[in-house]
Amino acid sequence: MKVLVSWLREYVDIPFKVDELEERLSMLGLGVEGIERIGSDDAVFDLEIAANRGDLMSHLGVARELAAATRSTVRLPSGDVARDRQTVSEFVHVEVREPDLCPRFTATMLVDVRVGSSPEWLTRRLEACDVRSINNIVDVTNYVMLEMGQPMHAFDFDRVRGGRLVVRPARSKEVLTTLDGVQRTLDPQTLVVADAEQAAGIAGIIGAAPSEITASTRRVLLEAAVWHPPMIRRTSKRLGVRTESSARFERGVDQASVPSASARAVALMQQVGGGRALDGLIDVQARRVPQKQIALNWSTVPRVLGTDVSLNEGVATLRSLGFQAEASDGTVRVVVPSYRRDVEREEDLVEDIARHHGYERIPEEMPVEVTAQGSWAPSIDAERAVRDVLIRTGLTEVLTVPLTNGAALEMLRLPDKHPYRDAVPIRNPMVEDHVLLRTTLLPGLLHVARSNASHRLTDIQVFEIGRTFHPNRAGAREQRSLGVLMTGATLRGAWNLPPESVRVTYYTLKGVLESLLAELRVPEAEFRSAQASWLHPGRAASLTLGGHAIGTLGELHPDLSRALDLPAITYIAEVDLEALLEHAVLQPRFVPPPRYPSMRRDISFVVDAGVPVAEVEAAIRRAGRPLLESVELFDIYTAAPVPEGRRNLAYALSFRSPDRTLTAEEIVETMGAITRALEKGLGAKIRD
Amino acid sequence: MAAILFSVRAMEDLKRVAQEAEAAIRGAGSKQALEEVRRAYLGRKGIVTRLFEDLPKVTAAERPAAGRRLNELRTRLETRLEERLREVTVSERTSRLAEEAIDVTLPGRKPRLGRRHVLSQTLEEVQDIFHGMGFEIVEGTEVETDEFNFERLNMGRDHPARDAQDSFFISDDLLLRTHTTVVDAHAMIGRAPPMRILTTGRCYRRDAPDWKRMPVFHQVDGFMVGEHITLANLKGVLVSFARQLFGPETKTKFVPGYFPFTEPSAELYVYFNNQWMELGGSGMFHPRVLEYAGIDPQRYTAFAFGLGIDRQVMVRYGIPDIRMLWDNDLRVLEQF
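Note that this is a predicted model, so its numbers are computed, not measured.

1. Focus: the overall build of chain A
Right, so step 1: From N to C terminus, chain A includes 19 helices and 34 strands.
Right, so step 2: Projected onto its principal axes, the C-alpha coordinates of chain A cover approximately 125 × 60 × 50 Å.
Right, so step 3: Here chain A holds 688 residues, and 41% of them are scored as buried.
Right, so step 4: Sequence separation of 24 or more characterises 68% of the internal contacts of chain A that already satisfy a separation of 6 or more.

2. Quick look at the environment of Phe254(B)
Residue and element names in this part refer to chain B.
Right, so step 1: With respect to the element layout, Phe254 can be found in strand 7 (residues 252-256).
Right, so step 2: The exposure class of Phe254 is buried, given the 24 C-beta atoms found within 10 Å.
Right, so step 3: In the structure, Phe254 is positioned 19 residues away from Lys235 in sequence and 7.9 Å away in space, judged by C-alpha atoms.

3. Description of the domain arrangement of chain A
Right, so step 1: According to the domain assignment, chain A contains domain 1 (2-69), domain 2 (83-285), domain 3 (292-359), domain 4 (378-582) and domain 5 (599-687).
Right, so step 2: Distance from the C-alpha centre of domain 2 of chain A to the C-alpha centre of domain 4 of chain A: 61 Å.

4. Examining the pairing of strand 7 of chain B
Residues and elements named next belong to chain B.
Right, so step 1: Looking at chain direction, strand 7 and strand 8 (residues 262-272) are connected through five bridges and run antiparallel. The residue bridging Val255 from the neighbouring strand is Glu267, located in strand 8.
Right, so step 2: Between the antiparallel neighbours strand 7 and strand 8 lie five residues.

5. Some remarks on the interface of chain B and chain A
Right, so step 1: Each partner contributes residues to the interface: chain B has 75 residues there, and chain A has 83 residues.
Right, so step 2: The biggest single contributor to the side of chain B that touches chain A is helix 8 (residues 231-246) of chain B, with eight residues.
Right, so step 3: Here the residues of the side of chain B that touches chain A are counted per class, giving 35 nonpolar, 19 polar and 21 charged.
Right, so step 4: Direction of pairing for strand 20 (residues 375-376) of chain A relative to strand 2 (residues 136-138) of chain B: parallel, over a ladder of two bridges. Bridged to Trp376(A) within strand 2 of chain B is Ile137(B).

6. Some points on the pairing of strand 24 (residues 460-472) of chain A
Residue and element names in this part refer to chain A.
Right, so step 1: In terms of residue burial, strand 24 counts as a mostly covered element, since ten of its 13 residues are buried.
Right, so step 2: Pairing between strand 21 (residues 396-397) and strand 24: two bridges, direction parallel. The partner of Thr396 across the bridge, within strand 24, is Val462.

7. A closer look at the sheet that holds strand 19 (residues 331-336) of chain A
Residue and element names in this part refer to chain A.
Right, so step 1: Spatial strand order, 17-19-18: three strands in an open sheet with antiparallel pairing. A single partner strand is all that each edge strand has here, and the edge strands are strand 17 (292-297) and strand 18 (324-328). With direction set aside, neighbouring strand axes in the sheet form an average angle of 20°.
Right, so step 2: Inspection of the sheet shows strand 17 paired to strand 19 by six bridges, in the antiparallel sense. By the bridge assignment for strand 19, Gln293 is matched with Val335.
Right, so step 3: Sitting on the sheet, helix 10 (residues 311-320) is in contact with strand 18 and strand 19, with an inclination near 160° to strand 18.

8. Some thoughts on the sheet that holds strand 8 (residues 164-169) of chain A
In a beta sheet, neighbouring strands pair by backbone hydrogen bonds and run either parallel or antiparallel.
Residues and elements named next belong to chain A.
Right, so step 1: One open sheet accounts for five strands, arranged 5-8-11-12-13; its pairing is mixed. Single-partner strands in this sheet number two, and they are strand 5 (93-96) and strand 13 (206-207).
Right, so step 2: Alignment of strand 5 against strand 8, held across four bridges, turns out to be parallel. Residue Val94 lies in a different strand from strand 8, and its bridge partner there is Leu165.

9. A closer look at the packing of helix 4 (residues 120-128) of chain A against helix 5 (residues 136-148) of chain A
All names here are of chain A.
Right, so step 1: Axis separation between helix 4 and helix 5 bottoms out at 10 Å; the angle between their running directions is 55°. In terms of their interaxial angle, helix 4 and helix 5 are classed as oblique. Our pair here, helix 4 against helix 5, has a crossing hand that is left-handed. Contacts from Leu122, Thr123, Arg125 and Leu126 of helix 4 reach helix 5 at Asp139, Asn142 and Tyr143.

10. Some points on helix 15 (residues 506-519) of chain A
Every α-helix carries 3.6 residues per turn, so stepping three or four residues along brings you back to the same face.
All names here are of chain A.
Right, so step 1: The first and last C-alpha atoms of helix 15 sit 20 Å apart over 14 residues, in line with the 20 Å expected at 1.5 Å per residue.
Right, so step 2: Where helix 15 is concerned, the buried positions are Leu509, Val512, Leu513, Leu516 and Leu517. Seen end-on, helix 15 carries its buried residues on one side only, within an arc spanning 135°. Seen from the buried face of helix 15, the exposed residues on the opposite side, beyond 90 degrees, are Tyr507 and Ala518.
Right, so step 3: The elements touched by buried residues of helix 15 are helix 12 (378-392), strand 25 (475-487), strand 27 (525-529), strand 28 (535-545), strand 29 (548-556) and strand 30 (570-576).

11. Comments concerning the packing of helix 2 (residues 31-42) of chain B against helix 4 (residues 63-99) of chain B
Residues and elements named next belong to chain B.
Right, so step 1: Viewed as axis vectors pointing N to C, helix 2 and helix 4 meet at an angle of 170°, and their least axial separation amounts to 9 Å. Looking at the two axes, helix 2 sits roughly antiparallel to helix 4. Seen from helix 2, the contacting residues are Lys31, Leu34, Arg38, Tyr41 and Leu42; seen from helix 4, they are Arg74, Leu77, Leu81, Arg84, Leu85, Val88, Thr89 and Glu92.
Right, so step 2: Classifying every residue of the contact of helix 2 with helix 4 by side-chain character gives seven nonpolar, one polar and five charged.

Conventions and cut-offs
- Numbers given to residues run from 1 along each chain, matching the order in which its sequence is written.
- Key to labels: chains lettered from A, ligands numbered from 1, both in the order written.
- Thresholds applied to this predicted model are a pLDDT of at least 70 for local features of residues and 80 or more for the giving and counting of side-chain atom pairs; totals over whole chains, interfaces and linings are not thresholded and use all residues.
- Only DSSP runs of H or I with at least four residues qualify as helices, and only runs of E with at least two residues qualify as strands; both kinds are numbered from the N terminus onward.
- With C-beta atoms placed from the backbone, the exposure class of a residue follows from how many other C-beta atoms lie within 10 Å of its own: 20 or more, buried; 12 or fewer, exposed; in between, partly exposed.
- Here, residues touch in the contact sense if the C-beta positions derived from the backbone fall within 7 Å of one another.
- Where each domain starts and ends comes from a domain assignment, either automatic or drawn from a database.
- For two strands to count as paired, DSSP must find a minimum of two bridges between them.
- Under the convention adopted here, Pro, Cys and the residues Ala, Val, Leu, Ile, Met, Phe, Trp and Tyr are nonpolar, Asp, Glu, Lys and Arg are charged, and Gly plus all remaining residues are polar.
- An axis is simply a line fitted to the C-alpha atoms; with a helix, the fit covers only the stretch in contact. Between two such axes, the angle follows the N-to-C directions and lies from 0 to 180 degrees.
- An angle below 35 degrees is read as roughly parallel, one above 145 as roughly antiparallel, one from 65 to 115 as roughly perpendicular, and any other as oblique.
- The crossing is said to be left-handed when, going from far helix to near helix, the turn is anticlockwise and less than a right angle, and right-handed when the turn is clockwise.
- Residue count minus one, scaled by 1.5 Å, sets the expected span of a helix.
- The arc in question is the one traced by the directions running from the helix axis out to the C-beta atoms.

As structure tokens, this is what we get:
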């Protein structure tokens, strides 16, 4: 909201220069968004007014704050006017059918007016505040709005049919051309001010063309009313019309000062347009606003602020803001002025006292009453641990937007019934890219790979930890997910190294997940061959825990890489972190290093190529119990002399006992058991 | 040969043998050459060995002296050989090492270093600071009820402050949380004062993406409830936080503000890069918010604060466009 400093001076003495005024206003909580200087000692301030301070939406309101800051009081504008013998009620009839939405409606009239252009002082002030000058009568209504915060509307009385103003809901399909030139079809949700026949304006928001003031207007009917703030807010939002008027009504306008604002406008209209003011004011008010009284226990002030403010200072502040305040026995009895709609309880008064005392004078003190031990929610702890491990494996963290659309899912070529398709829609999306909540991190990661590839960055190893959303009966279930995407080289400066030795493969991705599982001490996780529409059919796996698949990993289907312009071979994984973390053990437990030496034996054998290595290892481990400590594959060979369809596997096995040095016989015995298991169970042929 | 061992000339011949042998040792440049010299003089058929073999031909009277001279010669040559062997070994190793020299300026093999996203990094930093000040770090859901997100924070259906927090709804009552303050409303339930709670997370507001706004962003919210919690404590804790995050000399200011859930309310600014930057809002919890959570506002007071993270990261690192935080361009991510 714009205020002109020289205009403020009409109501309060301002002993500050422009720069100091800026500082003062912002320390009072009136945020200064911009200053436009005029000459050496005048300026227009653009102020940010809090949503609960309708009373500050005027020069008088701002002046009141400055008066309190300088311990003075404001000079109120005059509304004195000579009234004619004829009364308004002889000509005008007002009917308010919705008193809840229109707590007060007043009408008065000025006759024999000459409509013309406004005097320069008036237009200059309006224009300084970004209000266009229309004619002297309309300009006065705007002037009083800027001055006192009361929006008004002036009608050409001779175009108000039946001499009636009716506050009623619009009729269904009632058509109205508003002053912004838009023809609107209304419905009963919208409250209008109508004449005897049809709507003449949308209540509190905008007037209409048929009854507007023109050069030929002689009789001015002046409406000054107060509207229900939520109704104004809803209507203004629904119609997409925000005006100076609606901005004030939705914050709340002082119901008690409507007559004085009306009188002020009449006085000014007479001053700039001549004419006679009819006597009386039609004033329809269902209920007077009760006077609010608050007992402020003075001990509340230090209890909330943590510093002492003297009682005298507090009382003086409240009084210069327009409160009545009487102190006795440590309690201040306060009567709240009608324009302070925001003040309801002690704390509201404490804030006014604190603002005027100065926030900068409140000390900075560390709380002393409790010594607390910081702690972490287990889920945060776990998420940080996962992030840490992945970073240690060399991955870079990315963050993608959880709002998405169907096209992102189409990338994955999902079958019709796939759970990823079951997304939570947003009811009121803003842009068409953001109409659903994501069900998977995969499209986001593919997008990251794609945009980096478009910058010719093809060594991409990234992960994201984020939430996915899935519909359930309560609305949406949130699930923490982990996504990993890897492609390109894992080492920089790999000159003279064979490129395949540094390039990411399926096993690099699997290794990352294995490292994660090991660090989280998750037991019994298994990788099994699996299928997913976005993965290479021969290079896809699922990660299972206790028989349940909790993730997928593999090589991105070459058709997808091509369609998305991704680097030729890309690996991608997604894991349900929630399920994984259920089995995680974050707290390390000390295990003493072994005291007795281990013994190593190698074993090499030929087995059907179709037997997964996981199965071979499981067989070795079972047979090697309890002495077998570790099983490490060190070679796979498939060419001749190994027969077609079979492969040679070579393992290094190590044996150890926790309580003795093993004998050669013990090892021979265990190796025998392993050999038999491989031969009998898997049809392996042991090589010597 | 035997004649040389006892004639005067023989004495000089022996000297000559010694001189020749020593010259040969000095001239040997490798272990192999040295071995040849050793063999020529001290080997089984070597010159010195043969002189020993001639010793019996010398008269008994002269034999001890001749034997002594021969022994001396042999010892001297052995010493010389050993010394020379050491020299040759060192020089051979030196030249071998010289041959093994590499171009130390060739590029190193650099394993890729993983890193946090700059937003995660900042959120963790903030969590760590408050954890250090005794706060319990908690989290909440991103899908929230209208009741918790607004009403329990003193923002009824028609509250004008809702305009600034235009929400994405997924049903009549469910929305994507517009601020992490909603977690405060949950955290107060089921806990008894005193409490120090902090939460961080994603929030959503109905904005089209542009250079300074994204429909999703990050916030930090915290509060402290106790019998003697004051606005001065709020200032103490937040100033300490700002100094830990931005440096010990950081200037801060608190300016009156308006939030429906706090009264009095204050906005926190820090002076950074020659400008005042707004970090967020704060204040003393409105008594009604405490009442909603079943906390007696007569007995307890509470301060609360909410800080925006994304803008702060932009200002702190000079990132001109908020969308760059979401582009995940590796050339950007790898700078942090």
